[in-house]
Amino acid sequence: MLTIAMAKGRVMKAAVALMEQAGYLPPENLEKTRKLILNDEKNQIRYLLAKPVDVPTYVERGAADLGVVGKDVLLEANSDVHELLDLGTGRCQLSIAGPPDRDINQVRRVGTKYPNYTSAYFLRRNQQVETIYLNGSVELAPLIGLADCIVDLVETGRTLEENGLVTWLSLEDISTRLIANRGSYQLRAEEIDRFTKRMRAVL
Ligand code: PRP
């Protein structure tokens, strides 16, 4: 049985729809169930329902053979996993955004859910900044002077617009990815290949 860690929430809905098209029907509605492990005996798939930030950990440590998770989470975790497929769902940008009358060179403090990624980015720019970790509603930080700008996901741009902020720079194209544990990818190549091919066929 292949174990696949699914990132609960936003990412999961579109990914599950794709998996269903590929013939992988979970035994229960993954979005509604409170169970954390579900077995699909027919397809020999075990689903783990995990918090998105934990998916790279389950996969890197081999608790799951495969994972379905956003590229933003992978960039932040920087885990040693194999990226197999871009599922093309959950598309958005990881961007730097702030007030329209300021720019990146004036930045001293950055609010973000992605502190590792953000620190590495500003280090590459040779710009010394303080990274302030926030867990959500990150756009609030520049509005009340906690940070000069944010590094966050922009999908429709509505949150920025309704809060008088603008994208300064788009840094990364984000979408949902299928990842594999490096050992599983070697040892269970046939099963993983079968799964990947069926998924690729519906993309
Ligand atoms: C995400 C992201 C932005 C918003 C972008 O937040 O962090 O705040 O969506 O979407 P938009 O460009 O379509 O407005 P989410 O809704 O996941 O909630 P959070 O702020 O609690 O992380």
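Read on for a plain summary of the structure. Please read all numbers here as calculations on a predicted model, not as lab measurements.

Observations regarding the overall build of the protein chain
(1) Moving on: Of the regular secondary structure elements, the protein chain holds eight helices and eleven strands.
(2) Moving on: Principal-axis analysis of the C-alpha atoms gives the protein chain an extent of 55 × 30 × 30 Å.
(3) Moving on: By the burial criterion, 47% of the 203 residues in the protein chain qualify as buried.
(4) Moving on: Taking all contacts inside the protein chain whose residues are at least 6 apart in sequence as the whole, residues at least 24 apart take part in 67%.
(5) Moving on: Surface summary for the protein chain: the accessible area is close to 10900 Å², and the carbon and sulfur share equals 47%.
(6) Moving on: Looking at charge distribution, the protein chain has the averaged site of its 26 positive side-chain charges lying 3 Å from that of its 27 negative ones.

Notes on a nonpolar patch on the surface
(1) Moving on: Together, Leu-140, Leu-143, Ile-144 and Leu-146 give the surface a local cluster of nonpolar side chains, amounting to about 370 Å² of exposed area.
(2) Moving on: Following the sequence through the fold, Leu-143 ends up in helix α5 (residues 140-143).
(3) Moving on: A relative accessible area of 41% places Leu-143 in the partly exposed class.

Some details on unusual backbone geometry
Note: most peptide bonds trans; most residues except glycine with negative phi.
(1) Moving on: Non-glycine residue Asn-126 carries a positive phi angle of around 60°.
(2) Moving on: Mapped onto the elements of the fold, Asn-126 is located in the loop between α4 (115-124) and β8 (130-133).
(3) Moving on: Positive phi outside glycine occurs at Ser-137, with the angle close to 45°.
(4) Moving on: By the element assignment, Ser-137 lies in the loop between β8 and α5.

Remarks on the site of the ligand
(1) Moving on: Surrounding the ligand, one finds 13 residues, the nearest of these being Arg-10, Lys-113, Glu-139, Thr-156 and Thr-159.
(2) Moving on: At a separation of 2.7 Å, an oxygen atom of the ligand approaches a polar side-chain atom of Arg-10.
(3) Moving on: Between an oxygen atom of the ligand and a side-chain N or O atom of Thr-159, the distance comes to 2.5 Å.
(4) Moving on: In isolation the ligand exposes 490 Å². Once the protein is present, 74% of that is buried.
(5) Moving on: Of all the secondary-structure elements, those providing two or more residues to the shell around the ligand are β9 (149-154) and α6 (158-162).
(6) Moving on: Looking at the shell around the ligand, the element that brings in the most residues is β9, giving three residues.
(7) Moving on: By residue class, the composition of the shell around the ligand is two nonpolar, five polar and six charged.

Structural notes on the sheet that holds strand β2 (residues 37-40)
(1) Moving on: The six strands are arranged β2-β3-β1-β4-β11-β5 in an open sheet whose pairing can be described as mixed. Every interior strand has two partners, whereas the edge strands, β2 and β5 (82-86), have only one. Geometrically, the sheet is characterised by an average inter-axis angle of 25° between neighbouring strands, direction not taken into account.
(2) Moving on: Where strand β4 (residues 66-70) lies against strand β11 (residues 176-180), five bridges are found, and the strand directions are antiparallel. Residue pairing in the sheet places Val-69 in a bridge with Arg-177 of β11.
(3) Moving on: Running over the sheet, helix α1 (residues 10-21) touches β1 (2-7), β3 (45-50), β4 and β11 and is turned about 140° from β1.
(4) Moving on: The sheet strands contacting helix α8 (residues 189-201) are β1, β3, β4, β5 and β11, and the helix crosses β5 at an angle near 25°.

Focus on the pairing of strand β6 (residues 92-98)
When a strand is regular, its side chains alternate between the sheet's two faces.
(1) Moving on: Burial of β6 is extensive: six of the seven residues sit out of reach of the surface.
(2) Moving on: Bridge count for β6 against strand β10 (residues 166-174) is seven bridges, and the pairing is antiparallel. Bridge assignment links Gly-98 to a residue of β10, and that residue is Val-166.
(3) Moving on: In this structure, β6 lies alongside β9, joined through five bridges in antiparallel fashion. Residue pairing across strands places Ile-96 opposite Val-151, the latter belonging to β9.

Definitions and cut-offs
Residues numbered from 1 in each chain as written. Predicted model: local features only at pLDDT ≥ 70, side-chain atom pairs only at ≥ 80, totals over all residues. Heavy atoms only, no water. Helix = DSSP H or I, 4+ residues; strand = E, 2+ residues; numbered from the N terminus. Buried < 20%, exposed > 50% of the residue type's maximum accessible area, 1.4 Å probe, protein only. Contact = heavy atoms within 4.5 Å. Areas by Shrake-Rupley, 256 points an atom, 1.4 Å probe, with all protein chains shown as cover. Lys, Arg positive; Asp, Glu negative; His and termini not counted. Charge placed at Lys NZ, Arg CZ, Asp CG, Glu CD. Patch = residues over 30% accessible without salt bridge, like charges linked within 9 Å, V, L, I, M, F, W, Y side chains within 5 Å. Salt bridge = Lys/Arg side-chain N within 4 Å of Asp/Glu carboxyl O. Near = heavy atom within 4 Å. Polar contact = N/O pair within 3.5 Å; in protein donor to acceptor, adjacent residues only side chain to side chain. Nonpolar A, V, L, I, M, F, W, Y, C, P; charged D, E, K, R; others polar. Pairing = 2+ DSSP bridges. Axes fitted to C-alpha atoms, helices over the stretch in contact; angles between N-to-C directions.

Scope: geometric values only; no functional claims are made or implied.
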